[in-house]
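Chain residues, written in single-letter form:
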Amino acid sequence: MKTLLIIISIAFFNVEAKEDALTKEERKSAIELLKETESDFLSTVDGLSDQQLNYKPDESTWSVAECIEHITLSESFIFQNIKNSLGEYEDFKSEFSDDQVIQIITDRSKKGSAPNPIKPSEKFTSVRDALSEFKSDRKKHILFVKKTDENLRSKMNEVPFGKIDAYQYVLLMAGHTRRHTMQIKEVMGHSDFPNT
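Here goes a summary of the coordinates provided.

Analysis parameters
- Residues numbered from 1 in each chain as written.
- Predicted model: local features only at pLDDT ≥ 70, side-chain atom pairs only at ≥ 80, totals over all residues.
- Heavy atoms only, no water.
- Core = buried A, V, L, I, M, F, W, Y, C linked by side-chain atoms within 4.5 Å.
- Buried < 20%, exposed > 50% of the residue type's maximum accessible area, 1.4 Å probe, protein only.
- Helix = DSSP H or I, 4+ residues; strand = E, 2+ residues; numbered from the N terminus.
- Contact = heavy atoms within 4.5 Å.
- Pairing = 2+ DSSP bridges.

Things to note about the nonpolar core
Soluble globular proteins tend to pack their nonpolar side chains together in the buried interior.
Working step 1: Counting 27 residues, the largest nonpolar core has I82 and L172 as its most contacted members.
Working step 2: For this core, the secondary structure elements donating two or more residues are α2 (24-45), α4 (64-84), α5 (98-106), α6 (127-147) and α7 (166-188).
Working step 3: The leading source of residues in this core is α7, at eight residues.
Working step 4: The contact partners of I82, leaving out residues within four places of it in the chain, are F144, N157, A166, Y169 and V170.
Working step 5: Counting 20 residues, the second-largest nonpolar core is a separate cluster that includes L48, Y55, A114 and F134.

What follows is the structure, encoded as structure tokens:
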């Protein structure tokens, strides 16, 4: 009888854990955003010359190459923060909607300062190496969203503008790519940006 009760308890716990995992809609939405922002980023920088990659409108503005390095470093940095929040159950509810998180991170009218670990400092031997690492990381992160059984909605992550759940941090990771792709386009739109 005790064995039967244990089996029932385990089965009930597993069902409850599955119900707490992401919905199909949440998975689909996050994966679409991750793929869309990846595609826009990669197509924006595709085929740029060394001169174009390293052009800086002024000393305080990052070049396209520096933006690429920052996006790549941030990808693994953000995901590590997501992983760090997993494990023990937390009963956390975000004060932000998913749309608000994306809107805040992509708002280029508000500037921030990148933490030292993700500031551009020529950590990669080439832009190609940085892009290769970004693509590899993004592929892993999409797979994580597809497969995870973690209740990301209950996990708290602290960001500069407040506290969000781990699912929203995935959205922020994609939104961060969009933000700096926009920055790249601003540099490329400068009147002195090299033609070749």
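Regarding the environment of L152
Working step 1: Looking at the element boundaries, L152 is found in the loop between α6 and β1 (156-159).
Working step 2: Taking C-alpha positions, L152 is 6.5 Å from D165, a pair spaced 13 residues apart along the chain.
Working step 3: For L152, the contacting residues outside a window of four places in its chain are L22, L86, F144, D165, A166 and Y167.

What about the pairing of strand β2 (residues 162-165)?
Working step 1: Examined bridge by bridge, β1 and β2 share four bridges and lie antiparallel to one another. Counterpart to V159 in the pairing with β2 is G162.

Some words on the environment of R128
Working step 1: For R128, the position within the fold is in helix α6.
Working step 2: Judged by relative accessible area, which is 70%, R128 ranks as exposed.
Working step 3: In this structure, the C-alpha to C-alpha distance between R128 and I68, residues 60 residues apart in sequence, is 9.7 Å.

A look at the environment of I82
Working step 1: Residue placement: I82 occurs in helix α4.
Working step 2: Residue classification places I82 among the buried residues on the basis of a relative accessible area of 0%.
Working step 3: Measuring from C-alpha to C-alpha, the distance between I82 and Y169 comes to 6.8 Å, with 87 residues separating the pair along the chain.

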